Structures are given as structure tokens and as C-alpha cells.
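# Structural features, examined
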Amino acid sequence: YYTDEAVRVIEANRHRPFLLYLAHWGVHNPLQAKRSDYEALSHIADHRLRVYSAMIAALDRGVGQVLDALERNGLTENTLVIFTSDNGGAGYIGLPAVNKPYRGWKLTHFEGGLHVPFVAKWPARIAAGTRFEAPVSHLDLFPTVAAAAGVGLPDDRVIDGVDLLPHVRGEASGPPHRTLIWREGYY
């Protein structure tokens, strides 16, 4: 459903600038998958891991459909696409190795809870194959997207994030952050 709606947004706005925030729910509880995705992974013996893997396959297919819609509408070259996750895998799904090689889970301050994928694609502005190793934060999304859209940041408040584009493109010296801080409840 989310993928279909995202494709509709792309097609309805293809002739004007737009922002699409797509937060797939795909790899959350309950662990459930389409039979076809489950059966396609018959080489995975562990049932729970197979279901979870099938859920990831469905998410991957959805992302592919969104990228295909951008391509069909001639928007690929000048569209910034960011793929990330809000946290590492959860401990309660019953897959102890889901965050390997990191320890910890969602809602912890170990790497398994904080170290997540953060992938950006913008063919017109980011060279294919670019790797950026410095730690970044989701707080950087707002300034990065605003800069990509050519929109200034508000000057009546402190914005903790930074525009990552100069860093990713090698135009800025040093890492974007000296320190990153997380908070969860009292921790």
C-alpha cells in the first residue's frame, strides 16, 4: 500500500518539485510475509529468519518500484533519494544475530541499536560509488534536504543537523560532527 501510494505521489507531482517521505513498516512486528517471498527463500532453514528475510525482500521490491517510478517519469537524475532506518533490529523478534557484527538492539545505545544503513543517491550531484565513512545523524536530513531543494534554514532556532552534501562530495574538510549524542528515556 505504501509503495503504491508513493508511486502515485511521484506520478502526480512529476512536473514540479516535491518531497516524498516514505516510512515503510515492512520489517516490524508481527513477523509475516507473502507466501511467494517465503517460498523464494527455501534455502533458509530457520523459519523465523526466513520470514524476516522475506519481509526484507518485500521492502526491497517496494524500494525498487519507487525507483522505477522515478525512472519512468524522467526524475532519476535530479532526485535525491535517501534510504535509512530509524534504529537497528529489535531484540524481541527472536533473531539473536540480526545486528551482527554489532551488539545490542533497538532502544539500546550499543552499535546494534544505533548503527543503521544510510544511503543517498542523486546522480546529478553525488558520484556513483561514493563512500562516506564519518558518522552522521538523522538530524542531518532536514538541513541536507533543504539545501538540496535550495531552501534556507530557519534562523530563529538552532538546527543541530548539518548539510551532508558538501561532506559527501569532498567539498568540506573534516567530519560533519565532532560529537553525536543519543538519548533514550533516562539514558
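Bear in mind that the values here come from a model prediction, so they are computed numbers and not experimental data.

As a further point, take the overall build of the protein chain. Across its full length, the protein chain carries six helices and two strands. In sequence order, the secondary structure elements of the protein chain are arranged as α-α-α-β-α-β-α-α. Across its three principal directions, the C-alpha atoms of the protein chain cover 50 × 45 × 30 Å. Counting across all 187 residues of the protein chain, residues that qualify as buried make up 25%. In the protein chain, once contacts between residues fewer than 6 apart in sequence are set aside, the share between residues at least 24 apart is 52%. When the accessible surface of the protein chain is split by element, carbon and sulfur atoms take 55% of a total near 12900 Å². Once the 19 positive and 20 negative side-chain charges of the protein chain are each reduced to a mean point, those two points are 4 Å apart.

Per-residue pLDDT for the protein chain has a mean of 95; in total, 100% of the residues score no lower than 70. Summarising per-element confidence for the protein chain, the mean pLDDT is lowest in helix H4 (residues 111–114) (93) and highest in helix H2 (residues 35–39) (98).

Another point: a nonpolar patch on the surface. A cluster of nonpolar side chains, namely Tyr1, Tyr2 and Trp25, defines an oily patch on the protein surface of about 440 Å² accessible area. When you line up the elements, Tyr1 lands in the segment before helix H1 (2–12). In this structure Tyr1 comes out as exposed when scored by relative accessible area, which is 68%.

Quick look at the nonpolar core now. Ala6, Val7, Ile10, Val66, Ala69, Leu70 and Leu75 together form the largest nonpolar core, which totals seven residues. Secondary-structure elements contributing two or more residues to this core are H1 and helix H3 (47–72).

Applying the stated criterion across every chain yields a total of one aromatic pair. A cation sits over an aromatic face here: Arg50 above Tyr38, 3.8 Å from the ring centre.

Two numbers describe how H1 lies on H3: the axes approach to 9 Å, and their chain directions differ by 15°. In terms of axis orientation, H1 runs roughly parallel to H3. Considering the relative orientation of H1 and H3, their crossing is right-handed. From H1, Thr3, Ala6, Val7, Ile10 and Glu11 reach across to H3, where they touch Gly62, Gln65, Val66, Ala69, Leu70 and Arg72.

This part covers H1. By the burial criterion, the buried members of H1 are Thr3, Ala6, Val7 and Ile10. In a view along the axis of H1, the buried residues occupy a sector of 100°, so they form one face of it.

Applying the stated criterion across every chain yields a total of seven salt bridges. Of the charged contacts, one joins Glu11 and Arg72 as a salt bridge, the two residues approaching to 3.2 Å between their closest N and O atoms. You can see Glu11 sitting in helix H1 and its partner Arg72 sitting in helix H3, a full 61 residues away along the chain. Look at Arg72 and you get exposed, because its relative accessible area is 55%. The partner of Glu133 in a salt bridge is Arg131, and the shortest N-O contact between them spans 3.1 Å. Here Glu133 matches Arg131 in class, with each residue exposed.

Another point: unusual backbone geometry. Following Asn29, the chain continues into Pro30 via a peptide bond in cis, with omega recorded as 0°. Positionally, Pro30 belongs in the loop between H1 and H2. Residue Pro101 follows Lys100 across a cis peptide bond; omega there is 15°. Topologically, Pro101 is positioned in the loop between strand E1 (81–84) and H4.

Scoring rules and cut-offs
Residues numbered from 1 in each chain as written. Predicted model: local features only at pLDDT ≥ 70, side-chain atom pairs only at ≥ 80, totals over all residues. Heavy atoms only, no water. Helix = DSSP H or I, 4+ residues; strand = E, 2+ residues; numbered from the N terminus. Buried < 20%, exposed > 50% of the residue type's maximum accessible area, 1.4 Å probe, protein only. Contact = heavy atoms within 4.5 Å. Areas by Shrake-Rupley, 256 points an atom, 1.4 Å probe, with all protein chains shown as cover. Lys, Arg positive; Asp, Glu negative; His and termini not counted. Charge placed at Lys NZ, Arg CZ, Asp CG, Glu CD. pLDDT = per-residue confidence, 0-100. Patch = residues over 30% accessible without salt bridge, like charges linked within 9 Å, V, L, I, M, F, W, Y side chains within 5 Å. Salt bridge = Lys/Arg side-chain N within 4 Å of Asp/Glu carboxyl O. Core = buried A, V, L, I, M, F, W, Y, C linked by side-chain atoms within 4.5 Å. Phe/Tyr/Trp six-rings, centres within 6.5 Å; stacked < 30°, edge-to-face > 60°. Lys NZ or Arg CZ within 6 Å of the ring centre and 35° of its normal. Axes fitted to C-alpha atoms, helices over the stretch in contact; angles between N-to-C directions. Parallel < 35°, antiparallel > 145°, perpendicular 65-115°, else oblique. Left-handed = near helix turned anticlockwise from the far one by under 90°. Arc of directions from axis to C-beta.

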